[in-house]
Each structure stands twice: as C-alpha cells, then as structure tokens.
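Below are the chains, spelled out letter by letter.
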Amino acid sequence: MALRGNLRDFTITQLLNLVNLAQKSGTLLIDGPGNEQASASFREGKLAYARIDQEDDRLATILHKAGKISANQYRAILERASQMSDKELGLLLVNAGYLSQEEILLLLQAHYTEVIRRLFTWVEGVFRFENDVPPPPDRIHVRIDLENLIIEGARQLREWEQLQEEIPSLDIALKFTERPLRNVNLSLEEWRVVSYINPKNTIRQIAAAVKMNELEIRRIVYGLLQAGLVELVRPEGAPMPVTPSRMFPTDNREEQKSLINKLIGRIRSL
Amino acid sequence: MQTVKMVVTGPFSAGKTEFIRSVSEIDVVSTERKISSASERAVKETTTVAMDFGRITVDEDLVLYLFGTPGQKRFDFMWEILSEGMLGFIVLVDSTRPETFREARTILETFRAYAPTPYVVAANKQDLPDAWDLEDMRHALRLDPKVKLLPCVAKDKESVKKVLLELLYSILEEIE
C-alpha cells in the first residue's frame, strides 16, 4: 500500500528522513496549499528530480533563468527543439560546447534543491509515496544526498513554529507605529511588503500581492514587528466579533458611563 | 438583570485563576485538569482547560463576570469565544518567568485583534525577589508607553482591585 498521509501529521522533513533511512525509490506526490501540487522522485534514498507542477521546469527554461542562455537562444530552442527531451537537449548543448555536463547537472541540482526548500514551507496538504513511479523519463535525473536537506528542513521547521507563535494568523492587518520609518535599512523584499502596509490589507493579502509564501511573509512581518515599526491590528472593514451593544447592555453613552461608574464603586468597596 | 464581562488572559501559570479567586464573590468555577506534559507539570500540577468563571454582583440589576482563559496554546480556540462581548481584558504575566513574555505578547496581540477593547497588562508575582522590574518588562513585552503596565500580586485582593479599577478607568476614558 502507498505511504500516504497529511502534512500536519507528517512533515516534509520527516518524509525525507524516512526516504533516506529506508533508501526508498519512488515518487512523492503532494497536494499542497492553494491547489498547488508537487512531486519529488527518489532513487535509493537520493533525490533524483523535483518539481512544482504549475511551473515550467524544462531544461531550456532553467538555463535561461540562470542566465546560461540568452533570450534569443531560449526562443530558438523553444521554436526548433520543442519536441526534444531535456536529455537530448542537454546532450546537444554539451556536444556543441555551450555548456559542460557538470554545469548542467549543478544547475539542475540547485533547481531541485530549491523546489524541496519551498516544499518545507508547505505545512498543509496531503501526500502519497508511490513506490513504483520513477521520475519522468524525459527529464534529466540527478543524485542528491538528503542529509543536508533534512538538517535544513528541521531548522526551517523550528523557525516556522516560532513564527507561527509570533504571528498566529495571517488574516490580521498591519499598521505603522508612531516610530518614523527613517534611517531604517530595509531589504528590497521588506520594502515591497512595507509598501502594502495599511489597516485595510491583511497579511495574507499582502503576501498574495508580493507573491510570497506564508513562511516568507511571516519572516518579514516578524522582523518589522521586532523592530517596532509596525503593529498588528484588526483589518478595517472586517466584521467585528463584538458590537458595542453586546459589550454593554445599552447603546446610550451616558448609561454606559453610569454602568462603569457603578462597577468602579463596587470594586472599590470589595 | 444586566451582565457585563471582563476577560483575564495570559500565558500558562501566570496566575489567572488566583487573580479571579481573589475578588470573586462565588467560588471560582474552575475547569482544571491534571497536567499531562512533564515540562508543564514542573511548573504546576493542574491547569485550566476551558475557563475560570468568577462573579461580582454590583446591584440587583448589574453583574460583572470575570472569565479566565486557558493559558496553554493548544486551548487557544477558546480565546475568541471568551473574548466575545467583553468590556475589556487583562493580560496577566508572571514577572518571574521571562521565558513566558514572548507568549504573553502573542496573546496580547491576538486578543487585540479579536476585539479592539481597552486592556491593561498586570505584572504578577511582583512580591517575589526575582520579579523583573516593570520598566524592564515593558521593554521585553514591547509595550507602548501608553499601555498601562501595573504591578500585581494575584493572591492579594487589594492588588487585584487596583488592576480591575485601572481597566475600568480606561474603559471610561474610551467611552468619553
């Protein structure tokens, strides 16, 4: 029976540990948050291939993103070699002297490792491990030891737990404190978040606008909170959990004051 | 009969049950259970799993209820329910346990997000020799200078009364 479960109960790091210890071969399929899907294939406990399903992970695209081929070369490859598998394209590039085999493998290793790093931020979702499913035959496979990834994942998991404690919900908004934003050194990513800070925007909406996952946005918000630059507030326009009439048995301001004065008198006399 | 409520919240073992017990006219209705976690048991034997409930009758027509929240994070689903309709809330922090300050800050932010009602922070166990100074606590808890941070000894009725009164003064200011 396929190994299957929920990421809440069994994290990506724990899954990698299991694959590593049992020297498993097969493919891990994950349905993550926001309808995202991912797969990672292993051979004898080593990572062979990984992808997030909605993303273009063809070799030509990876080479182009890494600046190894120009935009024109990329277009030409897509037009003329669209039927070619990644293995065939890789061989062609090596034979033509554009890139060495080692360069291609290192780039792919970095790409697959990055995919796994992103999976560490998936804390919601379901997974199944299919023992008999090999990596896609048209892609180039690598062999990456899992130990370092597992250590990195464990570190990130601890950070994730801490950030969740600090920022328990992303449906909360942010507002600037009275401390002015002067002489503050912010990174480009932090500035992008800062530009959306407004009591009308929830942290979740900001994350969507700046295309950050939950871990990334929590990291940045945590930094801004620690620096005392922002504070958490209920989003403007969000339904209030309590209405004044429920806090007080009356809506009349004078009656409310009288009620509080009565309470003050009573507490004093205790 | 009119009823109003205030919530006493704070980290695990901050002294919430004791705080309510000091001023409640009825025996505090406490839903305490033996603690299962060894690390938490090292601090105290039982903990509040749902809520504490105290009462102060003002007159025939008005009753104040005090609700204490469970301090352990795994019971935080109760917080939003308890915060509904509160006049204000008190965040109780154990001044001798700085390791709980970060959690206190999180609880404070969470409650502020649930309801924008007045609140005060009470630094409990200020009578103990290893209690942190209020100013140091203010920095550690990252409290704005406008937030009331009050010394408190939860087992002392007069001290608890002062905290409740300060919260009521804040509520009064808010109305005005």
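Residues numbered from 1 in each chain as written. Chains lettered and ligands numbered in written order. Predicted model: local features only at pLDDT ≥ 70, side-chain atom pairs only at ≥ 80, totals over all residues.

**Comments concerning the interface of chain A and chain B**
- Facing 25 residues of chain A, the contacting portion of chain B comprises 31 residues.
- When residues of the side of chain A that touches chain B are traced back to their parent elements, those giving at least two are helix H6 (147-166), helix H10 (244-247) and helix H11 (253-268) of chain A.
- Sorting elements by how many residues they give to the side of chain A that touches chain B places H11(A) first, with eleven residues.
- Of the residues that constitute the side of chain A that touches chain B, the class distribution is 14 nonpolar, two polar and nine charged. (Contact = placed C-beta atoms within 7 Å. Helix = DSSP H or I, 4+ residues; strand = E, 2+ residues; numbered from the N terminus. Nonpolar A, V, L, I, M, F, W, Y, C, P; charged D, E, K, R; others polar.)

**Description of helix H1 (residues 16-23) of chain B**
- Judged by how many residues are buried, H1(B) sits mostly within the fold: seven of eight residues are covered.
- For H1(B), every residue scored as buried is listed here: B:Lys16, B:Thr17, B:Phe19, B:Ile20, B:Arg21, B:Ser22 and B:Val23. (Buried ≥ 20, exposed ≤ 12 C-beta atoms within 10 Å, placed from the backbone.)

**Digging into the confidence of the model for chain B**
- For chain B, the mean per-residue pLDDT works out to 83, and 82% of the residues sit at or above 70.
- Both scores are available for the predicted complex, with the pTM at 0.49 and the ipTM at 0.85. (pLDDT = per-residue confidence, 0-100.)

**Observations regarding unusual backbone geometry**
Residues and elements named next belong to chain A.
- One non-glycine residue, Gln23, lies in positive phi territory at about 50 degrees.
- Among the structural elements, Gln23 can be located in the loop between helix H1 (12-21) and strand S2 (26-31).
- The phi angle at Glu44 is positive, at roughly 45 degrees, despite the residue not being glycine.
- Along the chain, Glu44 turns up in the loop between strand S3 (37-43) and strand S4 (46-52).

**Topic: the sheet that holds strand S1 (residues 3-6) of chain A**
Residues and elements named next belong to chain A.
- The sheet built from five strands is open, its strands ordered S1-S5-S2-S3-S4 with antiparallel pairing. Across the chains shown, the open sheet's two edge strands, defined by having one partner strand only, are S1 and S4. With strand direction ignored, the average angle separating the axes of adjacent strands in the sheet is 15 degrees.
- By the bridge criterion, four bridges tie S1 to strand S5 (residues 126-130) in an arrangement that is antiparallel. Counterpart to Arg4 in the pairing with S5 is Arg128.
- Contacts from helix H5 (residues 101-119) reach S2, S3 and S4 within the one sheet, and its direction differs from that of S4 by about 70 degrees. (Pairing = 2+ DSSP bridges. Axes fitted to C-alpha atoms, helices over the stretch in contact; angles between N-to-C directions.)

**Observations concerning the environment of B:Pro145**
Residue and element names in this part refer to chain B.
- Along the chain, Pro145 turns up in the loop between helix H5 (134-140) and strand S7 (149-151).
- On the neighbour-count criterion, Pro145 (6 C-beta atoms within 10 Å) is exposed.
- Taking the C-alpha atoms as reference points, Pro145 and Glu135, ten residues apart in sequence, are found 9.9 Å from one another.

**What to know about the environment of B:Thr9**
All names here are of chain B.
- With respect to the helices and strands, Thr9 occurs in strand S1 (residues 2-9).
- We classify Thr9 as buried; it has 26 C-beta atoms within 10 Å.
- Considering only alpha carbons, one finds Thr9 and Gly68, 59 residues apart in sequence, at a separation of 5.9 Å.
- The residues contacting Thr9, other than those within four sequence positions of it, are Thr69, Phe89, Val91, Ile107 and Phe111.

**A word on the packing of H1(B) against helix H6 (residues 157-175) of chain B**
Residues and elements named next belong to chain B.
- For the pair H1 and H6, the least separation of the axes is 9 Å and the interaxial angle reads 95 degrees. In terms of their interaxial angle, H1 and H6 are classed as roughly perpendicular. Taking contact as the criterion, the partners of Phe19, Ser22 and Val23 in H1 are, on H6, Lys157, Val160, Lys161 and Leu164.
- Among the residues forming the contact of H1 with H6, the class breakdown is four nonpolar, one polar and two charged. (Parallel < 35°, antiparallel > 145°, perpendicular 65-115°, else oblique.)

**Observations regarding the pairing of S4(A)**
- Pairing between S3(A) and S4(A): six bridges, direction antiparallel. The residue bridging A:Ala40 from the neighbouring strand is A:Ala50, located in S4(A).

**Here's the deal with H1(A)**
All names here are of chain A.
- Considered for burial, the residues of H1 that qualify are Ile12, Thr13, Leu15, Leu16 and Val19. Seen end-on, H1 carries its buried residues on one side only, within an arc spanning 160 degrees.
- Summarising the contacts, the buried residues of H1 are in contact with S2, S3, H5, S5 and H6.
- Directly after H1, the chain includes Gln23, whose backbone phi takes a positive value near 50 degrees. (Arc of directions from axis to C-beta.)

**Notes on the nonpolar core**
- Counting 66 residues, the largest nonpolar core has B:Met6, B:Ile90, B:Val91, B:Leu92 and B:Val93 as the members making the most contacts within it.
- If we skip the residues at most four places from it in the chain, B:Met6 touches B:Leu64, B:Leu66, B:Met86, B:Leu87, B:Gly88, B:Phe89, B:Ile90 and B:Leu167.
- Membership of the second largest hydrophobic core comes to 34 residues, among which are A:Phe42, A:Leu47, A:Ile62 and A:Ile69. (Core = buried A, V, L, I, M, F, W, Y, C linked by C-beta atoms within 7 Å.)

**Quick notes on the packing of H1(A) against H6(A)**
All names here are of chain A.
- Following both chains from N to C, one finds H1 and H6 inclined at 160 degrees, their axes separated by 9 Å at the closest point. If you check the angle between H1 and H6, you find them roughly antiparallel. Crossing geometry of H1 relative to H6 is assigned as left-handed. Counting all contacts with H1, which are made through Ile12, Thr13, Leu16, Asn17 and Asn20, the residues of H6 involved are Glu147, Leu149, Ile150, Gly153, Ala154 and Leu157.
- Partitioning the contact of H1 with H6 into residue classes produces six nonpolar, four polar and one charged. (Left-handed = near helix turned anticlockwise from the far one by under 90°.)

**Notes on the confidence of the model for chain A**
All names here are of chain A.
- Of the residues in chain A, 94% reach a pLDDT of 70 or more, and the chain-wide mean stands at 85.
- Here H10 stands out as the element of chain A with the lowest mean pLDDT, 56, in contrast to S3, whose mean of 96 is the highest.
- Residue range residues 239-245 is modelled with pLDDT below 50. Its contacts to residues more than four positions away, or to other chains, number eleven contacts.

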